Amino acid sequence: MSVDPGLLAAAAADAERRDDPALAERLARAALGQAPSTGVAQRPPTVPATRAGFRAALTLGEALSMLRRPEEAEDVLAPLAAMADDDRRRARVALVRLLALRLQPDRTDHARAIAASTGITHPVAADMVRAGLAAMLSHAGAVAEGGAMALELLRSSDIRVRLQALPPAATWLIHAGRADAAVREAEGVIAGVGAPLRREDLLRARGWTTTAATVALVTAGRLDEAEAALASAMGDPMSRPVLDGGTMALLRGRLALAQGRPATARRALGEAALALGRSDPLGRYPWVLALLAEAHALLGDTADARAALGERAAAFDNNRLSADARRAEVWVTAIEGDVAGAAAQALALADEAAAEGYAGFELVYLVEATRLGALGVAGRLVEVAGRVEGPLARVHADLAPALVAGDGAGLDDAADRLAALGVMLPAAEAATHASRAHRRAGALRHARASADRAQDLLGRCEGAWTPALAGGSALDDLTPREREVVLLAARGLSSRAIADRFGVSVRTIDNQLGRAYRKLGIASRAELSALLDAALPPAKGA
């Protein structure tokens, strides 16, 4: 029994809207008279010159894009450009082609050619295509170029154009250190979403605006507002179908990491990885894997952290999201024990961000470097923080000089301000540094108070551990390298393994251990392990 191709095309479009690209592909191929996919790339179907044929081919191209098969998608979609008989269809074909190209960051010239050759004359349709090009360029790593184009389009009178333009515009603003401006732009677009929209456009609108606003709020350190935005979105039945496709879990996980709650983050990000592993048209899966690796590492599961990063390396990457993903990778290196290497990694990333004009992420990387002991960049951090919006930047601008000066009162103040923002793990680190600074100054009462404060803050961090928290006052007299070597030895690594990690001789490591032992008043690895046992991470995968 034959089935009407029009009904099959409509069913395929419905499956695509319900985030089932595999079913959408099967139905669209059936509508075009083609056998189901066998996992091997098929020749593009012959598209009949009918409305149902056009619709089925367009849906097939979009489904292939969602299934991360961009070359096949382009083979199906390219011929549709000549079949489109009005500006609305021409824009639709161009947008789906540009969506597929987001997974091919080396094809920006092809994307520009698609946008330039549509022949569209209607201004709104032309702006929709420009917004799609801006998004593709942003995904490909041309964040500034795509962002500048998108910022212009946010002034459009058409809500659909503004919705398309918001993600690349907000991404550029966040990279440039203007997270508060990104929040304002997202709120402005949200205010216009009440304009008449098709249901699928409205669903995308809620997903895009919630994502842009949440990421901007987290970056700025406005975590309470981010949590409220997510709660509001999940309470909205119109938002839930989009945000349940892995996006909501991703945003919950990213917020939990910022709050210093890695166990909560790991659960949410694991959920996001399952969803986005099935369908990921926007290339968020590698970002999720990097954040999941960070959560594993903070909980001491270094083997699982490395496994997640290995899977990330094999996935299609989204260069628009790679800045935060690379920050997460720094923490895996640090928790594995190469603290100096992780700090150097963060500083190299800061230099790259500075060269691109990304003050926002330059600050992020400099903050991570100082948390890992690279205090020589404190002056640079203060200067960059002065160019970055948000309350978190202002706290770090005061924290870095206090770290360098060993200013216990200043560190206490920074810990309180970070805690007030909900950034609990850096707050616990600041309070730990304050306790050490007070102890060095002989202010033992203040030292005990700061230590108690650090323990209280750390108790809210779900078992998280960072190198700044290691050893308490016991390691204060060690050099940074002695501290790293001691921590690795206490975790059971041999002198040979430590030497291989740092690229030095075994004798050098043994000499560093000997000096550390004398400073600590011990004589063996067994005594070292006993001394530091409570201060080490669980090392479940070390």
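All values reported here derive from a predicted model rather than from experimental measurement.

Some remarks on the overall build of the protein chain
A tally of helices and strands in the protein chain yields 29 helices and zero strands. A compact globule built from 542 residues should have a C-alpha radius of gyration of about 24 Å, and the protein chain, at 26 Å, falls within 12% of that. When burial is assessed residue by residue, the protein chain has 57% of its 542 residues classed as buried. Residue pairs in contact within the protein chain that sit at least 24 positions apart in sequence constitute 64% of those at least 6 positions apart.

Some thoughts on the layout of surface pockets
Reported here for the second largest pocket is a volume of approximately 650 Å³. Along its surface, the second largest pocket is lined by 28 residues, and Gly373, Leu375, His433, Pro480 and Arg483 are the ones closest to its centre. The element best represented in the lining of the second largest pocket is helix α26 (residues 480-490), accounting for five residues. By residue class, the composition of the lining of the second largest pocket is 16 nonpolar, five polar and seven charged.

Topic: empty space enclosed by the protein
Applying the stated criterion across every chain, the model contains five cavities of 30 Å³ or more. Quantified by volume, the largest cavity comes out at close to 870 Å³. Contributing to the lining of the largest cavity are 46 residues, with Val218, Thr219, Arg254, Asp324 and Val364 lying nearest its centre. Elements that contribute at least two residues to the lining of the largest cavity include exactly α10 (159-175), α12 (199-220), α14 (240-259), α16 (285-298), α18 (322-335), α20 (359-371), α22 (391-405) and α24 (424-440). Its residues assigned to classes, the lining of the largest cavity comprises 27 nonpolar, ten polar and nine charged. Its volume calculated, the second largest cavity comes out at about 90 Å³. As for the second largest cavity, its lining consists of Val367, Thr370, Arg371, His396, Leu399, Leu403, Pro426, Glu429, Ala430, His433 and Ala468. Contributions of two or more residues to the lining of the second largest cavity are made by α20, α22 and α24. Its residues assigned to classes, the lining of the second largest cavity shows six nonpolar, three polar and two charged.

Points about the nonpolar core
Leu269, Leu363, Leu372, Leu418, Ile498 and Leu528 are the most contacted members of the largest nonpolar core, which totals 155 residues. With sequence-adjacent residues up to four places away left out, isoleucine 498 is seen in contact with Val485, Leu488, Ala489, Leu493, Ile509 and Arg525. Counting residues in each nonpolar core, the second largest holds 21 residues, with Ala28, Ala31, Leu32 and Ala100 among its members.

Thoughts on unusual backbone geometry
At arginine 68, a residue that is not glycine, the phi angle is positive and equals roughly 60°. Among the secondary structure elements, arginine 68 is positioned in the loop between α3 (51-66) and α4 (70-77).

Quick notes on α10
Between its first and last C-alpha atoms α10 spans 24 Å; for 17 residues at 1.5 Å apiece the expected length is 24 Å, and the two agree. Remark: the principal bend of α10, roughly 40°, maps to leucine 166, with a proline, proline 167, within the next four residues. Where burial is concerned, most of α10 is hidden: 16 out of the 17 residues are buried. The N-terminus of α10 is capped by aspartate 158, whose side-chain oxygen sits 2.9 Å from the backbone nitrogen of arginine 160. Trailing α10 by a residue or two, glycine 177 shows a phi angle of about 90°, which is positive.

Some thoughts on the packing of helix α6 (residues 87-101) against helix α8 (residues 123-139)
Contact geometry for α6 and α8: axes closest at 9 Å, N-to-C directions at 0°. The orientation of α6 relative to α8 falls into the category roughly parallel. Between α6 and α8, the residues in contact are Asp87, Ala91, Ala94, Leu95, Leu98 and Leu101 and Ala125, Met128, Val129, Gly132, Leu133 and Met136, respectively. Its residues assigned to classes, the contact of α6 with α8 shows ten nonpolar, one polar and one charged.

Some remarks on the pattern of salt bridges
One pass over the structure, following the stated rule, counts 41 salt bridges. Salt-bridge contacts for glutamate 368 lead to arginine 327; the nearest nitrogen and oxygen are separated by 3.5 Å. Taken together, the residues glutamate 368 in helix α20 and arginine 327 in helix α18 connect sequence positions 41 residues apart. Take glutamate 368 and arginine 327: they sit in the same class, and that class is buried. In this structure, glutamate 362 engages arginine 387 in a salt bridge whose closest nitrogen and oxygen atoms are separated by 4.0 Å. Highlighted residues: glutamate 362 in helix α20 and arginine 387 in the loop between α21 (378-385) and α22, separated in sequence by 25 residues.

A closer look at α24
With 17 residues, α24 should reach 24 Å at 1.5 Å per residue; the first-to-last C-alpha distance of 24 Å fits that figure. The buried fraction of α24 is high, at 14 of 17 residues. Of the residues one or two after α24, glycine 442 is the one with positive phi, at around 80°.

Describing the packing of α26 against helix α27 (residues 495-502)
Relative to each other, α26 and α27 sit at 135°, their axes nearing to 10 Å. The orientation of α26 relative to α27 falls into the category oblique. Here the hand of the crossing between α26 and α27 comes out right-handed. Contacts between α26 and α27 involve Arg481, Glu484, Val485, Leu488 and Ala489 on the former and, on the latter, Ile498, Arg501 and Phe502. Looking at the contact of α26 with α27 residue by residue, the class counts come to five nonpolar, no polar and three charged.

What counts and how
Residues numbered from 1 in each chain as written. Predicted model: local features only at pLDDT ≥ 70, side-chain atom pairs only at ≥ 80, totals over all residues. Heavy atoms only, no water. Helix = DSSP H or I, 4+ residues; strand = E, 2+ residues; numbered from the N terminus. Rg over C-alpha atoms; globule rule 2.2 N^0.38 Å. Buried < 20%, exposed > 50% of the residue type's maximum accessible area, 1.4 Å probe, protein only. Contact = heavy atoms within 4.5 Å. 1 Å grid on protein atoms, 1.4 Å probe; cavity = no way out; pocket = protein on both sides within 12 Å on 5 of 7 lines; lining within 4 Å. Points joined across faces, edges and corners; volume = space filled by probe spheres on them. Nonpolar A, V, L, I, M, F, W, Y, C, P; charged D, E, K, R; others polar. Core = buried A, V, L, I, M, F, W, Y, C linked by side-chain atoms within 4.5 Å. Expected span 1.5 Å × (residues − 1). Bend = angle between axes of the 7 residues up to and from the residue. Polar contact = N/O pair within 3.5 Å; in protein donor to acceptor, adjacent residues only side chain to side chain. Axes fitted to C-alpha atoms, helices over the stretch in contact; angles between N-to-C directions. Parallel < 35°, antiparallel > 145°, perpendicular 65-115°, else oblique. Salt bridge = Lys/Arg side-chain N within 4 Å of Asp/Glu carboxyl O. Left-handed = near helix turned anticlockwise from the far one by under 90°.

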